[in-house]
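# Overview (structure and organization)
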Amino acid sequence: MSLLQPPDFTMQYKISALIFLKDKAGRFLMLKRAKAPNDGLWSPIGGKLEMPLGESPFECAIRESFEETGIQLENKDLHLFCMAAEKAYEGKGHWLMFLFECSKPLEALPPAIDEGEFAFYTREEIDSLPIPETDRQGLWDIYDKYHDRFVALKVDCQPGKPLEFEIEGLVPAPSSAHANPQKH
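This write-up is about the structure you can find in this document.

Reading the values: rules and limits
Residues numbered from 1 in each chain as written. Predicted model: local features only at pLDDT ≥ 70, side-chain atom pairs only at ≥ 80, totals over all residues. Heavy atoms only, no water. Helix = DSSP H or I, 4+ residues; strand = E, 2+ residues; numbered from the N terminus. Rg over C-alpha atoms; globule rule 2.2 N^0.38 Å. Buried < 20%, exposed > 50% of the residue type's maximum accessible area, 1.4 Å probe, protein only. Lys, Arg positive; Asp, Glu negative; His and termini not counted. Charge placed at Lys NZ, Arg CZ, Asp CG, Glu CD. Core = buried A, V, L, I, M, F, W, Y, C linked by side-chain atoms within 4.5 Å. Contact = heavy atoms within 4.5 Å. Phe/Tyr/Trp six-rings, centres within 6.5 Å; stacked < 30°, edge-to-face > 60°. Salt bridge = Lys/Arg side-chain N within 4 Å of Asp/Glu carboxyl O. Expected span 1.5 Å × (residues − 1). Bend = angle between axes of the 7 residues up to and from the residue.

Bringing the overall build of the protein into the picture now. Check the secondary structure of the protein and you find three helices and nine strands. Reading the protein from its N end, one meets helices and strands in the order β-β-β-β-α-β-β-β-α-α-β-β. The globule rule puts the C-alpha radius of gyration for 184 residues at 16 Å, and the 17 Å found for the protein is close to it. Seen through its principal axes, the protein has C-alpha atoms that stretch 50 × 40 × 35 Å. Within the protein, buried positions represent 44% of all 184 residues. Within the protein, the 30 negative side-chain charges are centred at a point lying 2 Å from the centre of the 20 positive side-chain charges.

Set out below in C-alpha coordinates:
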(Lines give C-alpha, C1' and ligand atoms only; values in the text may rest on other atoms or scores of the structure.)
Protein backbone atom coordinates (compact mmCIF):
# COMPACT_ATOMS: atom_id res chain seq x y z
CA MET A 1 0.00 0.00 0.00
CA SER A 2 1.47 3.33 -1.02
CA LEU A 3 1.81 6.02 1.63
CA LEU A 4 0.79 8.59 -0.98
CA GLN A 5 -2.50 6.90 -1.73
CA PRO A 6 -4.64 6.00 1.30
CA PRO A 7 -6.71 2.84 1.10
CA ASP A 8 -10.30 3.10 -0.10
CA PHE A 9 -12.35 1.81 2.83
CA THR A 10 -15.62 2.20 0.93
CA MET A 11 -15.05 -0.98 -1.09
CA GLN A 12 -16.75 -4.00 0.40
CA TYR A 13 -16.08 -7.68 -0.10
CA LYS A 14 -18.38 -9.72 -2.29
CA ILE A 15 -18.16 -13.46 -1.70
CA SER A 16 -18.65 -15.90 -4.55
CA ALA A 17 -18.10 -19.42 -5.80
CA LEU A 18 -16.75 -20.42 -9.22
CA ILE A 19 -17.36 -23.95 -10.41
CA PHE A 20 -15.14 -25.66 -12.98
CA LEU A 21 -17.52 -28.13 -14.67
CA LYS A 22 -16.57 -30.44 -17.54
CA ASP A 23 -18.32 -32.72 -20.00
CA LYS A 24 -17.47 -36.43 -20.41
CA ALA A 25 -14.79 -35.50 -22.96
CA GLY A 26 -13.03 -33.32 -20.34
CA ARG A 27 -13.92 -29.99 -21.95
CA PHE A 28 -14.69 -27.10 -19.62
CA LEU A 29 -18.10 -25.46 -19.48
CA MET A 30 -17.66 -21.75 -20.05
CA LEU A 31 -20.24 -18.97 -19.80
CA LYS A 32 -20.06 -15.94 -22.08
CA ARG A 33 -21.33 -13.41 -19.58
CA ALA A 34 -24.13 -11.07 -20.58
CA LYS A 35 -23.89 -8.98 -17.39
CA ALA A 36 -21.31 -7.21 -15.26
CA PRO A 37 -18.85 -8.06 -13.99
CA ASN A 38 -17.02 -9.41 -17.02
CA ASP A 39 -19.77 -8.64 -19.55
CA GLY A 40 -18.86 -10.24 -22.90
CA LEU A 41 -16.09 -12.37 -21.42
CA TRP A 42 -15.96 -16.15 -20.95
CA SER A 43 -15.62 -17.62 -17.46
CA PRO A 44 -16.55 -20.68 -15.43
CA ILE A 45 -20.04 -20.56 -13.93
CA GLY A 46 -20.66 -19.24 -10.44
CA GLY A 47 -22.27 -16.57 -8.37
CA LYS A 48 -22.49 -14.75 -5.08
CA LEU A 49 -23.20 -16.41 -1.77
CA GLU A 50 -26.61 -15.75 -0.24
CA MET A 51 -25.03 -14.16 2.84
CA PRO A 52 -28.31 -13.17 4.56
CA LEU A 53 -29.17 -16.90 4.58
CA GLY A 54 -25.77 -17.92 5.94
CA GLU A 55 -25.06 -19.93 2.78
CA SER A 56 -21.71 -21.74 2.78
CA PRO A 57 -19.39 -21.75 -0.27
CA PHE A 58 -20.30 -25.42 -0.94
CA GLU A 59 -24.03 -24.63 -0.72
CA CYS A 60 -23.50 -21.72 -3.10
CA ALA A 61 -21.59 -23.89 -5.60
CA ILE A 62 -24.35 -26.54 -5.51
CA ARG A 63 -27.14 -23.95 -5.88
CA GLU A 64 -25.42 -21.97 -8.65
CA SER A 65 -24.58 -25.16 -10.59
CA PHE A 66 -28.21 -26.24 -10.48
CA GLU A 67 -29.61 -22.77 -11.29
CA GLU A 68 -27.27 -22.23 -14.24
CA THR A 69 -26.96 -25.76 -15.68
CA GLY A 70 -29.59 -28.00 -14.06
CA ILE A 71 -26.94 -30.40 -12.70
CA GLN A 72 -27.70 -31.83 -9.26
CA LEU A 73 -24.56 -31.93 -7.11
CA GLU A 74 -23.62 -32.98 -3.61
CA ASN A 75 -20.64 -31.90 -1.51
CA LYS A 76 -18.79 -35.09 -2.52
CA ASP A 77 -18.91 -33.96 -6.18
CA LEU A 78 -16.92 -30.80 -5.41
CA HIS A 79 -13.28 -30.23 -4.55
CA LEU A 80 -12.45 -26.78 -3.14
CA PHE A 81 -9.06 -26.09 -4.70
CA CYS A 82 -8.63 -22.35 -4.23
CA MET A 83 -9.67 -19.43 -2.07
CA ALA A 84 -8.80 -16.25 -3.96
CA ALA A 85 -8.95 -12.77 -2.44
CA GLU A 86 -9.05 -10.15 -5.19
CA LYS A 87 -8.34 -6.62 -3.97
CA ALA A 88 -9.98 -3.69 -5.81
CA TYR A 89 -11.29 -5.72 -8.78
CA GLU A 90 -12.08 -3.25 -11.59
CA GLY A 91 -11.55 -0.56 -8.91
CA LYS A 92 -15.08 -1.25 -7.67
CA GLY A 93 -14.84 -3.82 -4.92
CA HIS A 94 -13.04 -6.73 -3.36
CA TRP A 95 -13.95 -10.35 -4.13
CA LEU A 96 -13.41 -13.41 -1.98
CA MET A 97 -13.86 -16.33 -4.36
CA PHE A 98 -14.04 -20.03 -3.63
CA LEU A 99 -13.03 -22.11 -6.67
CA PHE A 100 -14.37 -25.64 -7.01
CA GLU A 101 -13.59 -28.45 -9.41
CA CYS A 102 -16.58 -30.68 -10.05
CA SER A 103 -16.02 -34.43 -10.53
CA LYS A 104 -19.51 -35.09 -11.94
CA PRO A 105 -19.54 -34.52 -15.73
CA LEU A 106 -22.27 -32.64 -17.55
CA GLU A 107 -24.31 -34.80 -19.92
CA ALA A 108 -25.06 -31.98 -22.41
CA LEU A 109 -24.54 -28.30 -23.08
CA PRO A 110 -27.01 -26.29 -20.97
CA PRO A 111 -29.35 -23.86 -22.74
CA ALA A 112 -28.58 -20.12 -22.60
CA ILE A 113 -29.75 -18.26 -19.48
CA ASP A 114 -30.16 -14.56 -18.66
CA GLU A 115 -26.54 -14.58 -17.40
CA GLY A 116 -25.28 -15.56 -20.87
CA GLU A 117 -24.62 -18.43 -23.26
CA PHE A 118 -22.63 -21.63 -22.73
CA ALA A 119 -20.02 -23.53 -24.70
CA PHE A 120 -17.53 -26.32 -24.01
CA TYR A 121 -13.84 -25.64 -24.59
CA THR A 122 -10.65 -27.59 -24.12
CA ARG A 123 -8.14 -26.13 -21.72
CA GLU A 124 -5.96 -25.07 -24.68
CA GLU A 125 -8.87 -23.32 -26.42
CA ILE A 126 -9.63 -21.27 -23.30
CA ASP A 127 -6.29 -19.46 -23.63
CA SER A 128 -7.46 -17.93 -26.93
CA LEU A 129 -10.90 -16.80 -25.66
CA PRO A 130 -11.73 -13.30 -24.42
CA ILE A 131 -11.54 -13.97 -20.66
CA PRO A 132 -11.06 -11.68 -17.63
CA GLU A 133 -7.46 -10.54 -17.29
CA THR A 134 -7.24 -11.99 -13.77
CA ASP A 135 -8.21 -15.38 -15.21
CA ARG A 136 -5.71 -15.08 -18.08
CA GLN A 137 -2.79 -13.96 -15.92
CA GLY A 138 -3.38 -16.17 -12.91
CA LEU A 139 -6.52 -18.16 -12.19
CA TRP A 140 -6.13 -20.66 -15.04
CA ASP A 141 -2.47 -21.11 -14.12
CA ILE A 142 -3.58 -21.79 -10.54
CA TYR A 143 -6.11 -24.33 -11.86
CA ASP A 144 -3.46 -26.04 -14.00
CA LYS A 145 -0.96 -26.35 -11.15
CA TYR A 146 -3.12 -26.83 -8.07
CA HIS A 147 -6.62 -28.13 -8.92
CA ASP A 148 -5.82 -31.37 -7.08
CA ARG A 149 -4.63 -29.52 -3.95
CA PHE A 150 -5.69 -26.39 -2.08
CA VAL A 151 -4.19 -22.94 -2.53
CA ALA A 152 -4.90 -19.62 -0.83
CA LEU A 153 -4.30 -16.85 -3.37
CA LYS A 154 -4.13 -13.09 -3.02
CA VAL A 155 -4.54 -10.94 -6.13
CA ASP A 156 -3.89 -7.20 -6.15
CA CYS A 157 -6.11 -5.78 -8.91
CA GLN A 158 -5.73 -2.08 -8.13
CA PRO A 159 -6.32 -0.01 -11.28
CA GLY A 160 -3.24 1.50 -12.87
CA LYS A 161 -0.97 -1.24 -11.51
CA PRO A 162 0.01 -4.59 -12.98
CA LEU A 163 -1.90 -7.53 -11.53
CA GLU A 164 0.03 -9.17 -8.72
CA PHE A 165 -0.64 -12.75 -7.64
CA GLU A 166 0.71 -14.19 -4.39
CA ILE A 167 0.25 -17.69 -3.04
CA GLU A 168 -0.30 -17.25 0.69
CA GLY A 169 -0.79 -20.92 1.51
CA LEU A 170 -0.61 -24.32 -0.16
CA VAL A 171 -1.90 -27.68 1.10
CA PRO A 172 -0.14 -30.00 1.01
CA ALA A 173 2.80 -27.69 1.52
CA PRO A 174 5.81 -27.89 -0.82
CA SER A 175 8.27 -30.59 0.24
CA SER A 176 11.09 -28.09 0.79
CA ALA A 177 11.08 -26.78 4.36
CA HIS A 178 12.35 -23.42 3.10
CA ALA A 179 10.07 -22.99 0.08
CA ASN A 180 8.88 -19.42 -0.43
CA PRO A 181 5.32 -18.53 -1.46
CA GLN A 182 5.18 -17.87 -5.16
CA LYS A 183 4.71 -14.36 -6.52
CA HIS A 184 4.18 -13.43 -10.16
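After presenting the structure, the write-up continues.
This brings us to the nonpolar core. Soluble globular proteins tend to bury their nonpolar side chains together. Ranked by size, the top nonpolar core spans 30 residues in total, and within it F20, C82, L99, I126, W140, I142 and L153 carry the most contacts. At the level of secondary structure, the elements contributing two or more residues to this core comprise β1 (13–20), β2 (28–33), β5 (78–89), β6 (93–102), β7 (116–121), α3 (133–146), β8 (150–156) and β9 (164–171). In terms of residue count, α3 provides more of this core than any other element does, five residues in total. Beyond its immediate stretch of four places on either side in the chain, C82 contacts M97, F98, L99, I142, F150, V151 and L153. Counting residues in each nonpolar core, the second largest holds 18 residues, with I19, I71, L78 and C102 among its members.

Taken as a whole and assessed by the stated rule, the structure comprises nine aromatic pairs. Relative to Y143, the ring of F28 lies with its centre 5.2 Å away and its plane at 85°, an arrangement referred to as edge-to-face. With F28 in strand β2 and Y143 in helix α3, this residue pair connects regions lying 115 residues apart in the sequence. There is no split in this pair, since F28 and Y143 are both buried. Seen from their ring centres, F81 and Y143 are 5.5 Å apart, and the 80° between their planes marks the pair as edge-to-face.

Taken as a whole and judged by the stated rule, the model has 16 salt bridges. Of the charged contacts, one joins E115 and R33 as a salt bridge, the two residues approaching to 3.5 Å between their closest N and O atoms. Of this pair, E115 sits in the loop between β6 and β7 while R33 sits in strand β2; the two residues are 82 residues apart in sequence, bridging distant segments of the chain. Judged by its relative accessible area of 21%, E115 is partly exposed.

Across its 14 residues, α3 extends 19 Å between first and last C-alpha, which sits within 8% of the 20 Å expected from 1.5 Å per residue. Approximately 35° is the largest bend angle found in α3, and it occurs at L139. Of the positions making up α3, those classed as buried are T134, D135, G138, L139, W140, I142, Y143 and Y146.

Our focus in this paragraph is helix α1 (residues 57–69). The first and last C-alpha atoms of α1 sit 18 Å apart over 13 residues, in line with the 18 Å expected at 1.5 Å per residue. Taken as a whole, α1 has its buried residues at C60, A61, R63, E64, S65, E68 and T69. G70 occupies a position one or two residues after α1 and carries a positive phi of about 85°.

Quick look at unusual backbone geometry now. Across the junction of A36 and P37, the peptide omega takes the value -5°, indicating a cis bond. Along the chain, P37 turns up in the loop between β2 and β3 (42–43). Residue V171 is joined to P172 through a cis peptide bond whose omega torsion reads -10°. Relative to the elements of secondary structure, P172 occurs in the segment after β9. In this model, N38 sits at a positive phi of 70°, which is unusual for a non-glycine residue. Structurally, the position occupied by N38 is in the loop between β2 and β3.

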